[in-house]
Amino acid sequence: MGPDFTEEQKRYLEGFFAGLLTRRGAGTGSPPTVPGANGAAAMAPAEPAPAGPETIHRAAQDRFLAAGKKLTAEEMAKRAKNPLDRWDEMRANAEAGRFPKGTDVFLHKFHGLFYVAPAQDAFMCRLRIPNGILNAHQLRGIADVAERHAGGYADVTTRANLQLREIGPKSILDVVTEIQGLGLTTRGAGADNLRNITGSPTAGIDPDELIDSRPLCRELHYTILQHRELYGLPRKFNMGFDGGGSVSVLEDTNDIGFAAVAVGEGEAVAPGVYFRVLLGGITGHGDFARDAGLLIRPQECTPVALALVRGFIDHGDRTDRKKARLKYVLERLGLDGFLAEAEKHLSFKPQRFPLERCVPRKPPVKGAHLGVHPQRQAGLFYLGVAVPVGRLTAEQMRALAEIAEQRGSGTLRLTVWQNLLISDVPESEIAAAEAGVKALGLDLRAGPIRSGLVACTGNTGCKFALTNTKGQALELAEQLEASVALDQPLNVHLTGCPNSCAQHYVALRCLHRRGRRRRAAARPAAVACHSVSGSGGAARARAARLSRASPWQRREFPRVFAAPQRRGARSADRCRRMRGMRVKYAG
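A short tour of the structure in this document, coming up. Bear in mind that the values here come from a model prediction, so they are computed numbers and not experimental data.

**Topic: the overall build of the chain**
Looking only at helices and strands, one finds 17 helices and 24 strands in the chain. Burial statistics for the chain: of 587 residues in total, 58% are counted as buried. The long-range share in the chain, meaning contacts at least 24 apart out of those at least 6 apart in sequence, stands at 68%. Working note: accessible area of the chain is about 23,600 Å², and carbon and sulfur atoms make up 51% of it.

What follows is the structure, given as C-alpha cells:
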C-alpha cells in the first residue's frame, strides 16, 4: 500500500478488502487492480454505490468502466471517498504541519485550499463571494486572516473573488473556519466544482441595467452549497449573470452565461426582461460561450442552471481531463442533443426564441469600472478603485473597508477586471473618499494602461505559470505610460500559461507566456496583440502571438504597441514590423 495513504485510509482499505475476500471464499478469485489515490496499486472497488445524492457521479463513472475505459486518478480519488468528508484527514495534516501528497493535493481543493509548490511551499486559499459583493466587516476580517495566517495580502481574481497566499500547513483549518465565521466560505472554490458565481459588479445601482443580478447569484450560490451532488463534477465549471448594465461581467467566458435581454411588444412571448443562455465558454482555448437559443424568465435561471449542470455530470468525460469541460460535451452531443439531455432534469421545457427578435443590448461602457459614476439612486455614486494587478495589502483592505463604511453604505464590490467599487457614496463625500483612496497608493482615475491592467498570479505563486506576470505587468505599465500617449483606456492582460486565468483572449492587448518551463523563469511574457472592434469575448479577434523578442524589440515595443490605437492599423500587421519575431496566429 502506497506511503501517501493516511493511516485511516489504510485501515479502511485493509478492512474493506479483507471483507471482500471473505465473501469471495477466503481469497479465491482476486479482483483486478487499478491505480490508487496516490499512484499506488489498489484493488478495484466493488462496493455498492453510495446511497446519498452524489450517486449521480458514481453512475456516470460506472458507465465509463462498463465501456472498458479507465477513470482518471482524480476520479478514482473522488470515488474512494467524497472529498467533502475529508475534514479529519485535513486536521491530521494540519496538526502534523504536513503538506498533502499525490491526489490529496487535488482533494484539498474541494475546501478551497491549493498547495502551490514548487512556486511556493505553501497553500493558497480561494474564497467564494457571490456576485463579488462584500461588506466592510467581511473585508476587514479577511485582512485579519491574511495578516495572521497568510502573507498579509489578498489577490482580486478575474472571477470577482479573493485569494490568500503563503499559508502554512498548520494554519489551513484556522483560515477556513475564520472565513466561515465572516459569513463566507471556501467550499468548492477549487477542483471539479462550480466556481464562484459572478454577477454584474454594478447590480442594483446601475442606471442602465435591465435587472439586478444579486438575488439570482445569491440563490444559485446557496443552492450549490446545500446540494452535495453539485460537487465532484467531471471538471471545473463557471457560471455568471450579466444584468445588462454598463460594467461587463464577461458572461461569455463561462461554461454557462446568463445575459439579460428585453423583449418588446408584438412578439410571440410577453414583453419584459428575460435571460439568454450561453453555453461552452473556455477562454484558455480561445472559445467563448455561444447562444443556446433559449429565452428564460429570471425565476427559471436556477432550475435551468442545475439541469444543465446535471446534464454535464451525466455526460462529461471522466477519462480525459483535457476533454472534460462542457465545451467538449457540446461538441460530442451537439447543442440540441445536450439540451435534450439537460431537459430530462427539468419539470418544464424552456422556450426557444431567436436572439435577433430581442431588443439589442447596450454595449458595456469601457472604463466604467473605474472613476466616479452616478447610481440609479438619486444623489449617490459608486467609485471604481484601480488595484494594480489585483493585489491588496491587509492595511489597504482595512482602510478601504473604513472608507466604504464612513463615506458609503459599507458595501464593496469586486470586479472581473481585478479592481473594486465602493458604492452608495453621497456627492458630498466623494472628495473625502477619493483622498482616502489616494492615501493608500491607489487611485480612482488610473492612467490608460493601469486602468485596464490584468495579470494572473505568475510564477511567484502558481506552479503552472512560466513567468512573473504581476511584476512584469507593473514594469510594462511604467514603460508604456512614460513612452506613449493614449486618449482612451487600453486593456492589457498578462497570463503566464495556456490556462488563461487572466482571460487574455478578451483583452485589446495581451501578453501570453509560451515556451519551455525550464528556460522560462527569466524570460518576459511573450507579446500577443489583439485587434477588436468591440469589448469582451464577443468581439473575438485573431491574435498574433510573438514568441521571441530581442532587447531592441522590447525597447521598441511601446511604440509598436500603441501604434494601432493611434493610426487605426491592424494589430497583427503592426506587430509584424518587429523584425525577427516568429508570429503564430491563434483564434
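There is more to say, and it comes next.
**So, the environment of Glu429**
In this structure, Glu429 sits in the loop between β18 (420-426) and α13 (430-439). Classification of Glu429 by relative accessible area gives partly exposed; the value is 22%. Separated by 23 residues in sequence, Glu429 and Gln406 have C-alpha atoms that sit 8.9 Å apart. A polar atom in the side chain of Glu429 sits 2.8 Å from the side chain of Arg407.

**Describing the sheet that holds strand β4 (residues 123-126)**
With antiparallel pairing, the five strands of this open sheet are ordered in space as β3-β4-β7-β6-β16. Here the strands that pair on one side only, and so sit at the sheet edges, are β3 (113-115) and β16 (391-393). Direction aside, neighbouring strands of the sheet carry axes that sit 25° apart on average. In this sheet, β16 lies alongside strand β6 (residues 153-156) in antiparallel orientation, the contact comprising three bridges. What sits directly across from Tyr153, in β16, is Thr393. Contacting β3, β4 and β7 (162-167), helix α7 (residues 172-181) crosses the sheet at an angle of about 155° to β7. Set on the sheet, helix α12 (residues 394-407) makes contact with β6 and β16; between it and β16 the angle comes to about 85°.

**Some thoughts on the environment of Pro207**
Of note, Pro207 is situated in the loop between β8 (198-199) and α8 (214-225). C-alpha of Pro207 to C-alpha of His373: the two residues are 166 residues apart in sequence and 9.9 Å apart in space. Residues within four places of Pro207 in sequence aside, it is in contact with Pro374, Gln375 and Arg376.

**Here we look at the side chain of Arg318**
Looking at where Arg318 falls in the secondary structure, it is placed in the loop between α9 (301-315) and α10 (326-333). Classification of Arg318 as buried rests on a relative accessible area of 1%.

**So, the packing of helix α6 (residues 136-149) against α12**
Axes are the key here: two packed helices are described by the angle between their axes and the distance separating the axes. Orientation of α6 relative to α12, taken along the N-to-C sense of each, is 170°, at an axis distance of 8 Å. With respect to α12, the element α6 is oriented roughly antiparallel. Judged by the sense of rotation from one axis to the other, the crossing of α6 with α12 is left-handed. Contacts from Ala136, Leu139, Arg140, Ile142, Ala143, Asp144, Ala146 and Glu147 of α6 reach α12 at Ala394, Met397, Arg398, Leu400, Ala401, Glu402 and Glu405. Along the lines of polarity and charge, the residues of the contact of α6 with α12 split into nine nonpolar, no polar and six charged.

Rules used in this analysis
Residues numbered from 1 in each chain as written. Predicted model: local features only at pLDDT ≥ 70, side-chain atom pairs only at ≥ 80, totals over all residues. Heavy atoms only, no water. Helix = DSSP H or I, 4+ residues; strand = E, 2+ residues; numbered from the N terminus. Buried < 20%, exposed > 50% of the residue type's maximum accessible area, 1.4 Å probe, protein only. Contact = heavy atoms within 4.5 Å. Areas by Shrake-Rupley, 256 points an atom, 1.4 Å probe, with all protein chains shown as cover. Polar contact = N/O pair within 3.5 Å; in protein donor to acceptor, adjacent residues only side chain to side chain. Pairing = 2+ DSSP bridges. Axes fitted to C-alpha atoms, helices over the stretch in contact; angles between N-to-C directions. Parallel < 35°, antiparallel > 145°, perpendicular 65-115°, else oblique. Left-handed = near helix turned anticlockwise from the far one by under 90°. Nonpolar A, V, L, I, M, F, W, Y, C, P; charged D, E, K, R; others polar.

Limitation: the analysis is restricted to geometry and does not speak to function.
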